[in-house]
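Below are the chains, spelled out letter by letter.
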Amino acid sequence: MERINQWLSLLANVGVVFGLVFLAYELKQNRDASVLDAVQANREQRISLYTSIRDSEFLPPIEHKLRNGTILDDIEKIRWNAHLAAVWATAYSEWVQKDLELISDYSNVEMGVRSTLALPGSVEWWGMYADQIYPAAFIQFVDERMPK
């Protein structure tokens, strides 16, 4: 009887080990699916942003004016500020995914933040709104990349 109990105990332990291995495998599969979803969402977000800029009848002329030092009218200022808000939201989304280790090397957050900072008026927008919208860790990340 004692021998049977030892075998049953051994079988139960082996079953637990197999169960843990299977659980680890399932968790990895879920993680991989989450990474794929995050990468795809990031790409779709970027494609949508760039397509909207390309197709906008307002943004290219506004950016052209800004790069040439031409003063914007009030409506153009509103549109440009909304555009900057969208670009910063995209950079933040990418940073969150990187911070959560969902996109690792599938995205270049550095490049995204630096190119956002290079947009006319972006540094000023950041200075006015960042602390009202974004968490301290993202603010620190951006501030460390701020042009000097």
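In case you missed it, the structure is sitting above this.
Residues numbered from 1 in each chain as written. Predicted model: local features only at pLDDT ≥ 70, side-chain atom pairs only at ≥ 80, totals over all residues. Heavy atoms only, no water.

Participant: Give a detailed account of the packing of helix α3 (residues 74–99) against helix α5 (residues 122–133), specifying residues and quantitative values.
Facilitator: Running from N to C, α3 and α5 point in directions that differ by 75°, and their axes come no closer than 10 Å. Comparing the axis directions of α3 and α5 gives the class roughly perpendicular. Touching Asn-81, Leu-84, Ala-85 and Trp-88 of α3 are Ser-122, Trp-125 and Trp-126, all from α5. The residue inventory of the contact of α3 with α5, partitioned by class, reads 5 nonpolar, 2 polar and no charged. (Axes fitted to C-alpha atoms, helices over the stretch in contact; angles between N-to-C directions. Helix = DSSP H or I, 4+ residues; strand = E, 2+ residues; numbered from the N terminus. Parallel < 35°, antiparallel > 145°, perpendicular 65-115°, else oblique. Contact = heavy atoms within 4.5 Å. Nonpolar A, V, L, I, M, F, W, Y, C, P; charged D, E, K, R; others polar.)

Participant: So what about the environment of Ile-53? Which residues, and what values?
Facilitator: Along the chain, Ile-53 turns up in helix α1 (residues 2–55). Classification of Ile-53 by relative accessible area gives partly exposed; the value is 21%. Between the alpha carbons of Ile-53 and Glu-101 there is a distance of 29 Å; along the sequence they are 48 residues apart. Once residues lying within four places of it in the same chain are set aside, the contact partners of Ile-53 are Leu-59, Pro-60 and His-83. (Buried < 20%, exposed > 50% of the residue type's maximum accessible area, 1.4 Å probe, protein only.)

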